[in-house]
Amino acid sequence: MKVLLIGSGGREHALAWKIAQSPLLDALYAAPGNPGIADHATLVALNVEDHAAVIAFAKEKAIDFVVIGPEAPLVAGLADDLRAAGIATFGPSKAAAQLEGSKGFTKDLCARYDIPTGAYQRFKSAEPARNYVREQGAPIVIKADGLAAGKGVTVAMTEAEALAAIDECFDGAFGTAGAEVVVEAFLDGEEASFFCLSDGKTALALATAQDHKRVGDGDTGPNTGGMGAYSPAPVMTPAMVERTMKEIIEPTISGMAKDGNPFSGVFFAGLMITAKGPELIEYNVRFGDPECQVLMMRLKSDLLPILYATATGTLDKVQAEWRDDAALTVVLASKGYPGAYDKNTPIAHVPEASAEAKVFHAGTALKDGKLVATGGRVLNVTAFGKDVTEAQARAYALTDRVEWENGFCRRDIGWQAVAREKA
Ligand code: AMP
Ligand code: GLY
């Protein structure tokens, strides 16, 4: 099989690494890719926003299957255009990608199909939103409706904070993403991410993970795209996974199909495990980054036929097997991230992979043959262990061997799980 992978982050490096191990693979291309992905794939300088150019390349190279990593091309309808050109594609249609692209869309689906989630209202102007907040009181959550690079959500602990967040959205802080606002009840509990494939009819549960969104140790400071993750998430017991499948995932699949938007791809469900059980915070329609890195480390099965079955409606024919080990990833980011940071800072050394650990590249590039950091999140140091404590020790041992002056990381990734393991 000839495969084209779209994307250039740590998530795509992990996908490329795993796809490259498939005996079914004849050739792997990545657009645009990064220097880590180049170890497993031929990089192609395609403009992914130019769907005609992607299709032309796929035809020229006789690509059998395209795997789309990030959300932006999905929301832009790249999967629809590839499928219309007769090319099998992993990733949802533009219509189904609204599950991530519009928070209001997802909340309305939950209301129609009785999927547990926080009570909410949608607003197109500030005054009624403010009145609703005054009625409901704090804590309360304010969300820009559209894609806002993870920054459109305010968990307001006071009414004043909530009112300020509403004004910020309608004043254009998130551009068109904030033209509509969802105001949602605050859910109290432990968060977990649950990953599940769907081909539009069948669901295949993958695994669970926990992300660390805040930039600083002890979950302090501003939100980021994710500073580290581990899998499995202990709060997601087999009973909780079963409830999530029954109460959240299955009604989503059947509801989307009933509404004429069958979902094909990966559900990345952000869950709050409350006193009542699992409740949906949000859906993403792609693998999490850096959650994907720990999932790929733990997946024993060949990834390629699983993704292909998802794309071609044959998910009932495949299974996914997982290592019992835990996996943990530490994100090395440029100093200053998630604010401003220097670009093109030199990375002197990235340690080799071993049987139990590997460094995935995210925001790196080659400049005059030398490796440099070009992004906010730059390297993902990922390791296995018999438990999270061991995976954490191995990941940090390898992190300390990276030579990059301008890099920093959190030192406490996995702390909740490590505390549980000690108890
Ligand atoms: P999101 O971008 O929707 O994942 O939201 C960012 C973060 O805000 C989530 O990871 C949660 O920690 C928090 N959050 C979102 N919605 C709620 C809610 N209804 N109750 C409590 N926390 C929330
Ligand atoms: N790590 C969170 C995300 O990928 O959205």
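From a predicted model like this one, the values you see are computed outputs, not experimental measurements.

### Some details on the site of ligand 1
Taken together, 14 residues lie near ligand 1, and Glu 184, Ala 185, Leu 187, Glu 191 and Glu 282 sit nearest. Measuring from a nitrogen atom of ligand 1, one finds a side-chain N or O atom of Glu 184 at 2.6 Å. Considering ligand 1 on its own, with 480 Å² of exposed area, one finds that the protein chains cover 90% of that surface. Breaking the shell around ligand 1 down by element, the ones donating at least two residues are strand E7 (140-144), strand E8 (153-156), strand E9 (181-185) and strand E16 (277-284). In the shell around ligand 1, the residues fall into eight nonpolar, no polar and six charged.

### Some points on the site of ligand 2
Every residue near ligand 2 is listed here: Asp 211, Gly 225, Phe 268, Arg 286, Gly 288, Asp 289, Pro 290 and Glu 291. Measuring from a nitrogen atom of ligand 2, one finds a side-chain N or O atom of Asp 211 at 2.9 Å. One of the side-chain nitrogen or oxygen atoms of Arg 286 is found 2.8 Å away from an oxygen atom of ligand 2. For ligand 2, whose accessible area on its own is 200 Å², the fraction buried by protein is 87%.

### A closer look at empty space enclosed by the protein
In the structure shown here, the tally under the stated rule is one cavity of 30 Å³ or more. One number sums up the size of the largest cavity: a volume of about 40 Å³. Surrounding the largest cavity, Leu 197, Leu 206, Phe 287, Met 296, Leu 299, Leu 303, Ile 306, Leu 307 and Trp 322 form its lining. The greatest single-element share of the lining of the largest cavity, amounting to three residues, is contributed by helix H11 (residues 303-312). Here the lining of the largest cavity is composed, by residue class, of nine nonpolar, no polar and no charged.

### A look at the side chain of Asp 289
Positionally, Asp 289 belongs in the loop between E16 and helix H10 (291-298). The buried charged residue Asp 289 lacks any salt bridge, with Arg 377 as its nearest oppositely charged partner at 4.4 Å. A distance of 2.9 Å separates a polar atom in the side chain of Asp 289 from a polar atom in the side chain of Gln 293. What Asp 289 contacts, discounting residues up to four positions off in sequence, is Gly 9, Gly 10, Arg 11, Gly 225, Arg 377 and Asn 380.

### Considerations on the pairing of strand E10 (residues 190-199)
With eight of ten residues buried, E10 lies mostly within the body of the structure. Pairing of E10 with strand E15 (residues 264-274), which is carried by ten bridges, proceeds in the antiparallel orientation. Paired with Phe 194 across the strands is Ala 269, a residue of E15. The sheet contact formed by E10 and strand E11 (residues 203-211) spans five bridges and is antiparallel. Bridge pairing in E11 places Leu 197 opposite Leu 204. Hairpin connection between E10 and E11: a loop of three residues separates the two successive antiparallel strands, and Gly 200 in this loop has a positive phi of roughly 105°.

Rules and cut-offs
Residues numbered from 1 in each chain as written. Chains lettered and ligands numbered in written order. Predicted model: local features only at pLDDT ≥ 70, side-chain atom pairs only at ≥ 80, totals over all residues. Heavy atoms only, no water. Near = heavy atom within 4 Å. Polar contact = N/O pair within 3.5 Å; in protein donor to acceptor, adjacent residues only side chain to side chain. Areas by Shrake-Rupley, 256 points an atom, 1.4 Å probe, with all protein chains shown as cover. Helix = DSSP H or I, 4+ residues; strand = E, 2+ residues; numbered from the N terminus. Nonpolar A, V, L, I, M, F, W, Y, C, P; charged D, E, K, R; others polar. 1 Å grid on protein atoms, 1.4 Å probe; cavity = no way out; pocket = protein on both sides within 12 Å on 5 of 7 lines; lining within 4 Å. Points joined across faces, edges and corners; volume = space filled by probe spheres on them. Buried < 20%, exposed > 50% of the residue type's maximum accessible area, 1.4 Å probe, protein only. Lys, Arg positive; Asp, Glu negative; His and termini not counted. Salt bridge = Lys/Arg side-chain N within 4 Å of Asp/Glu carboxyl O. Contact = heavy atoms within 4.5 Å. Pairing = 2+ DSSP bridges.

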